[in-house]
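Fold and contact review
Listed below are the residues making up each chain.
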Amino acid sequence: MNFKLDKNLICYFCAGARNHALLDYFQENNLRSEYDERMASFKALGLAKISGSPVAICTTSGTAVSQTVSTLLEARYSQVPLVLISGDRPKKMHGTGAPQTINHREVTQNCVGTYVEVKLEDLASLELINPEFPIHINVLINDTTEHDLKIETNLDMSDFKKFAQKISKPLFLVSHELTSLRPLVKKLLSLNLNVYAETLSGAHDLTSHLTEASLLKIRHEFDSVIRIGHTPLSKMWRLLESEHKPVFSFDSRNLPGLSYGQVAPIKAASLTDNEIFFDILSGLKSSQLTTIEKSIKPLLTKYPQSELSIMKKLQDFLPENAIVYLGNSLVIRYFEMVQEKAFQVFGARGVNGIDGQIAQSIGIAEGSTEQVYCIVGDMTAQYDLNSIRHLPKNLTLFIINNGGGRIFETLKLKPIMVMEHDFNFKEVAQAFGMTYSRELTQAQVIELRPAQVETRNLLQEWNT
Ligand SMILES: Cc1ncc(C[n+]2csc(CCOP(=O)(O)OP(=O)(O)O)c2C)c(N)n1
């Protein structure tokens, strides 16, 4: 049997930004909207079993693909015609450590009978002759501008010295690695350098005079970026992909995190005591930036039920230096936007999955004697519902229930991706024997429900 992607194919379509462009390849009444790839792929398996026809599951990149592995194995050994279609980044981004980019082929190679890689523009005409099921079609979707800049890895301090001699006004973008980068950020700030420390660095409070939004507005003032730590979260970083400023990264994984740039595989935390590094920096002139006076505080007062105001109240509720686990998507971004206090922050920014977030925070709580505070979105919480059964006493779970995957709304993707809903987590939490509240109290599961209209209005005013 040959296989062609026709519009009649039933597809369990899992929400994601990368695979958004694939929505058009299916008829609307053949689409089943999903958020959990493991569950969705098992549903597809069941449907393929009873119908005897191929059924597809479409996922975004990263761990969304690996979540289908058990189903693919079951399909392979029971000869079920399952088709995985994954959205991926273009070839030149593979192996760079760019956000949510992993090697999909390696993930499914022992689970599928046929693997093909195809560019989005060639997908409609793809025909597989007698493929062996299950099939994995990995679709390369171009989202970066073509350029002839190159990647240089395995560099050292002498290369950094040459880089530093050619620049005059760098931004130090400190992201994260396994240990806190707070001592390093303190030392960089003492030299009056322009430093932006992301929340996962453990030092965002020290640079909170610079917000991500103000950075975006004054980014033309920097002639280069010195990135310290793993791939950053900031939009500023992603924009480099089109702006092509010179970038030098200190990343112990030896990954550029972009499709260009220079990298030294040096641990970020070790730079704190690296005399050569600080000697080179002493040659850089400190430079005054345009001050952006605008503060988010009046907007937080004006829109008290917005997601950002609720996040701020949550931060006020947490003790200084608390251990906080932040789920991906809007939670980590909004947390950073309003953060002024010091926290020890954990997250999953290796490949940015929304899977297993509550379970990870449980592991952290089990390894600590302190109280741990886990903050996740509602879709992320649904993905890991089983974990609510096992919350240890020293873990508080905050679910920011904004009624769907609102990140997709901010990215202006098709509304079907948001998977809007109006349920709450009260009965689930109570069924698992957890105490539950909608207020900032001592309960184990605290569900906070922002008013979406207020969030939209606040963001609109903030961005103008
Ligand atoms: C395993 C996995 N599947 C899919 C995605 C794509 N994805 C990124 S954010 C997101 C929605 C998150 O929704 P929610 O937790 O409610 O947070 P919100 O955007 O509303 O803040 C999805 C599905 C992913 N990152 N990881």
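Residues numbered from 1 in each chain as written. Predicted model: local features only at pLDDT ≥ 70, side-chain atom pairs only at ≥ 80, totals over all residues.

Counting its regular elements, the protein contains 17 helices and 20 strands. Reported as C-alpha extents along the three principal axes, the dimensions of the protein are approximately 70 × 55 × 45 Å. Burial status across the protein gives 45% buried among its 464 residues. (Helix = DSSP H or I, 4+ residues; strand = E, 2+ residues; numbered from the N terminus. Buried ≥ 20, exposed ≤ 12 C-beta atoms within 10 Å, placed from the backbone.)

Taken together, the neighbourhood of the ligand is formed by 25 residues, with Leu330, Gly377, Met379, Thr380 and Gly405 sitting nearest. Counting only elements with at least two residues in the shell around the ligand, the list comes to helix H2 (63–66), helix H12 (330–338) and helix H14 (378–383). When residues in the shell around the ligand are grouped by element, the largest group, three residues, is from H14. By residue class, the composition of the shell around the ligand is eight nonpolar, 13 polar and four charged. (Near = placed C-beta within 6 Å. Nonpolar A, V, L, I, M, F, W, Y, C, P; charged D, E, K, R; others polar.)

Moving on, we get to the sheet that holds strand S13 (residues 247–250). Spatially, S9-S14-S13-S12-S10-S11 is the arrangement adopted by the six strands of the open sheet, whose pairing is parallel. Single-partner strands in this sheet number two, and they are strand S9 (151–152) and strand S11 (195–197). Of the strand pairs in this sheet, strand S10 (residues 170–174) and S11 are connected by three bridges, and their pairing is parallel. Each residue of the ladder has a partner; that of Val174, found in S11, is Ala197. Contacting S13 and strand S14 (261–264), helix H5 (residues 157–166) runs over the sheet at an angle of about 140° to S14. (Pairing = 2+ DSSP bridges. Contact = placed C-beta atoms within 7 Å. Axes fitted to C-alpha atoms, helices over the stretch in contact; angles between N-to-C directions.)

Its location among the elements puts Gln357 in helix H13 (residues 357–366). Separated by 286 residues in sequence, Gln357 and Thr71 place their C-alpha atoms 21 Å apart. Every residue in contact with Gln357, bar those within four places of it in the chain, is listed here: Gly327, Ala348, Val376, Thr380 and Asp384.

Bringing the nonpolar core into the picture now. Counting residues in each nonpolar core, the largest one holds 85 residues, and the members touching the most others are Leu82, Cys374, Ile375 and Phe398. Taken together, domain 1 (3–140) and domain 3 (297–462) each give at least three residues to this core, which thus spans both. If near-sequence neighbours (up to four positions away) are discounted, Ile375 is found in contact with Leu314, Val324, Leu326, Gly327, Val331, Phe335, Phe398 and Ile400. (Core = buried A, V, L, I, M, F, W, Y, C linked by C-beta atoms within 7 Å. Domains from an automatic or database assignment.)

With that settled, the discussion passes to the environment of Pro170. The residue Pro170 is located in strand S10 in this model. Residue classification places Pro170 among the buried residues on the basis of 24 C-beta atoms within 10 Å. In sequence terms Pro170 and Leu193 are 23 residues apart; their C-alpha atoms lie 8.4 Å from each other.

As a further point, take the domain arrangement of the protein. Taken domain by domain, the protein consists of domain 1 (3–140), domain 2 (151–282) and domain 3 (297–462). Using only C-alpha atoms to locate each centre, domain 2 and domain 3 end up separated by 28 Å. Taken together, the contacts link 15 residues of domain 2 with 13 residues of domain 3. Residues belonging to the side of domain 2 that touches domain 3 are distributed by class as follows: three nonpolar, nine polar and three charged.

All right, on to the packing of H5 against helix H9 (residues 275–282) then. At a minimum axis separation of 10 Å, H5 and H9 run at an interaxial angle of 10°. Judged by the inter-axis angle, H5 sits roughly parallel to H9. Contacts between H5 and H9 involve Met157, Phe160, Lys161 and Ala164 from the first element and Ile276, Phe277 and Ile280 from the second. Residue composition of the contact of H5 with H9, grouped by class: six nonpolar, no polar and one charged. (Parallel < 35°, antiparallel > 145°, perpendicular 65-115°, else oblique.)

Moving on, we come to H12. Two residues of an α-helix separated by three or four positions point the same way, owing to the 3.6 residues in each turn. Counting buried positions over the nine residues of H12 gives eight, a clear majority of the element. Buried residues along H12 sit against helix H7 (212–217), helix H11 (307–317), strand S15 (323–326), strand S17 (372–377), strand S18 (395–400) and helix H15 (407–410).

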